[in-house]
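# Overview (structure and organization)
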Amino acid sequence: MGKPKAKVDTKECLACGGCISVCPQDAISWYANKALVDEKGCISCAICIRTCPVGAISGDGAL
Amino acid sequence: MKYDVIVVGSGPAGSVTARFAAEAGAKVLIVERRQEIGTPVLCGEGISRKIDDWDMLEGTRWIAGRMEGARIYSPNGTMVKLSADMAGNETGYVIYRDIFDQELARRAAKAGVKIMMNAQAIGLLKDEGKIKGVKINHFDEERDIEADVIIGADGVESKVGKWADIDTTLKPKDLETCAQYTLTNVDCKDAYCDFYLGKKIAPGGYIWVFPKGKDVANVGIGILASLSEAGMAKKLLDEFIAKDSRFAHAEPVRFLAGAVPVANPIETVRDNLILVGDAARHVDPITGGGLTHCLEIGKIAGEVVGKAVQTQDFSQDFLMEYEMRWKEVIGKKMKRNYRVKETLLDMDDKTFNMLADSLKDYKFEELSTLSLIKALVLKHPTLLMKLRPLMKISE
């Protein structure tokens, strides 16, 4: 059992790109001008969750 | 259709690079993932007036207000003032970044640059390792576009660098995570830009209030990502606004987020590829300011790429002139200010209060972070021992 993956709430995301810039796995990219986490690449480090200035990323993604 | 140059991203660095490459005769295409250049704005919108002499912007539509000076407040409210008269009127503007970006794009278009919107770069075209162009997603359709040189102007979140094996991943301690309201019905008492420091106010960063005329202001916060928790930037900003009487009757007309690299310089050149702007981390690590760098260095990038097209030499060796030249402009300043950033991060609120107290009646020669640091080193030679060697490095 792994930890839950990071997930972006696209309604909250303001597309600043901060999460993409700090992801150590390069697992976040633009999709329709919002940040999208690639679940296969995510290692549940939570760096993106702590970085998001508006709290749009949570650890609610797939296990 | 093959281009000489593809610029990924239509921010200031991308548009200025594109313009000067086109003016040197190159066939240039900008690909932009968004559907409107300059939107959403991701910026505090302050810029130095030194751009006046650079022939970058025409007219005044992009100017929201003129700054009279700056005030810096320490955690206990001690104020250090840098005013326009002591600075020889060399201050700055608060701008409309969306119009600013579109004006720079217009100059690029006038030089013959083509612009493709809704076009997101998703990879580089390579032939046996050699960069041949860009793969884009244009209205959900994948397309390959060939070019001899690719300009990564794709912002703090740059992927272009990574695709060319330049490690652009930022450490959380090298990123400011930001939020900003544009508030209306504000009681702006004057045209000073205010900065608020303190571990509780904005850990590893600051809060800013930039007036745009007499009753509108950008009120924003940047905190260091390594000191941040989920949503903390917005929460601290909301708390600051709730306590300040200037905003008692204010209402938001815009809310935005931002991310600013405050890092050491990185490699910016490969065969057939260069990085500019935030993608190249060309941001002052103390202030988080990068707009003037985008214009000044974008011009250099465009000139070098233009020469590469004229000589048909797209090697890393040839394009290295760009890196040599941007280092002449900001290399020393970036290194020095990164060290200053680390020194400031080690200081507690009490030390900031003491430093502010010692500078509250100081007459500054100019309105710049360098003059502030020089004054601090002069007043506190032992405390700032680590910074003394750096002061021999001039701007």
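Residues numbered from 1 in each chain as written. Chains lettered and ligands numbered in written order. Predicted model: local features only at pLDDT ≥ 70, side-chain atom pairs only at ≥ 80, totals over all residues.

In terms of helices and strands, chain B carries 8 helices and 18 strands. The globule rule puts the C-alpha radius of gyration for 395 residues at 21 Å, and the 21 Å found for chain B is close to it. Judged by the C-alpha coordinates and their principal axes, chain B covers about 60 × 45 × 40 Å. Counting across all 395 residues of chain B, residues that qualify as buried make up 52%. Look at the contacts in chain B between residues 6 or more apart in sequence, and 72% of them connect residues 24 or more apart. (Helix = DSSP H or I, 4+ residues; strand = E, 2+ residues; numbered from the N terminus. Rg over C-alpha atoms; globule rule 2.2 N^0.38 Å. Buried ≥ 20, exposed ≤ 12 C-beta atoms within 10 Å, placed from the backbone. Contact = placed C-beta atoms within 7 Å.)

With that settled, consider the overall build of chain A. Helix and strand counts for chain A stand at 2 helices and 4 strands. In sequence order, chain A lays out its α and β elements as β-α-β-β-α-β. Expressed along its principal axes, the backbone C-alpha trace of chain A runs to roughly 30 × 20 × 20 Å. Here chain A, with 63 residues, has 44% of them falling under the buried criterion. The long-range fraction of contacts in chain A, counting pairs at least 24 apart against all pairs at least 6 apart in sequence, stands at 62%.

Another point: the sheet that holds strand S5 (residues 69-73) of chain B. Residues and elements named next belong to chain B. Strand order across the open sheet formed by 7 strands is S6-S5-S13-S14-S15-S12-S16, with mixed pairing between neighbours. Strand pairing shows two members of the sheet lacking a second neighbour, strand S6 (79-83) and strand S16 (251-261), which therefore form its edges. Strand-to-strand, the axes of this sheet are offset by a mean angle of 15°, without reference to chain direction. The pairing of S5 with strand S13 (residues 192-196) spans 5 bridges and is classified as parallel. Residue pairing for S13: alanine 70 is matched across the bridge by cysteine 193. Relative to the sheet, helix H4 (residues 232-243) contacts strand S12 (175-184), strand S14 (206-211) and strand S15 (216-224), its axis offset from that of S15 by approximately 135°. (Pairing = 2+ DSSP bridges. Axes fitted to C-alpha atoms, helices over the stretch in contact; angles between N-to-C directions.)

This next bit is on the sheet that holds strand S7 (residues 92-95) of chain B. Residue and element names in this part refer to chain B. One open sheet accounts for 3 strands, arranged S3-S7-S4; its pairing is antiparallel. Each edge of the open sheet carries a strand with a single partner, namely strand S3 (46-48) and strand S4 (63-67). Adjacent strand axes in the sheet meet at a mean angle of 30°, parallel and antiparallel pairs treated alike. Of the strand pairs in this sheet, S4 and S7 are connected by 4 bridges, and their pairing is antiparallel. Within S7, the position partnered with arginine 66 by the bridge is tyrosine 93.

Looking now at the domain arrangement of chain B. The accessible area lost on association of the parts is a frequent measure of interface size. Residue and element names in this part refer to chain B. Split into domains, chain B comes out as domain 1 (2-57 + 96-170 + 264-338) and domain 2 (64-77 + 172-261). Relative to domain 2, the C-alpha centre of domain 1 lies at a distance of 28 Å. Facing 14 residues of domain 1, the contacting portion of domain 2 comprises 16 residues. (Domains from an automatic or database assignment.)

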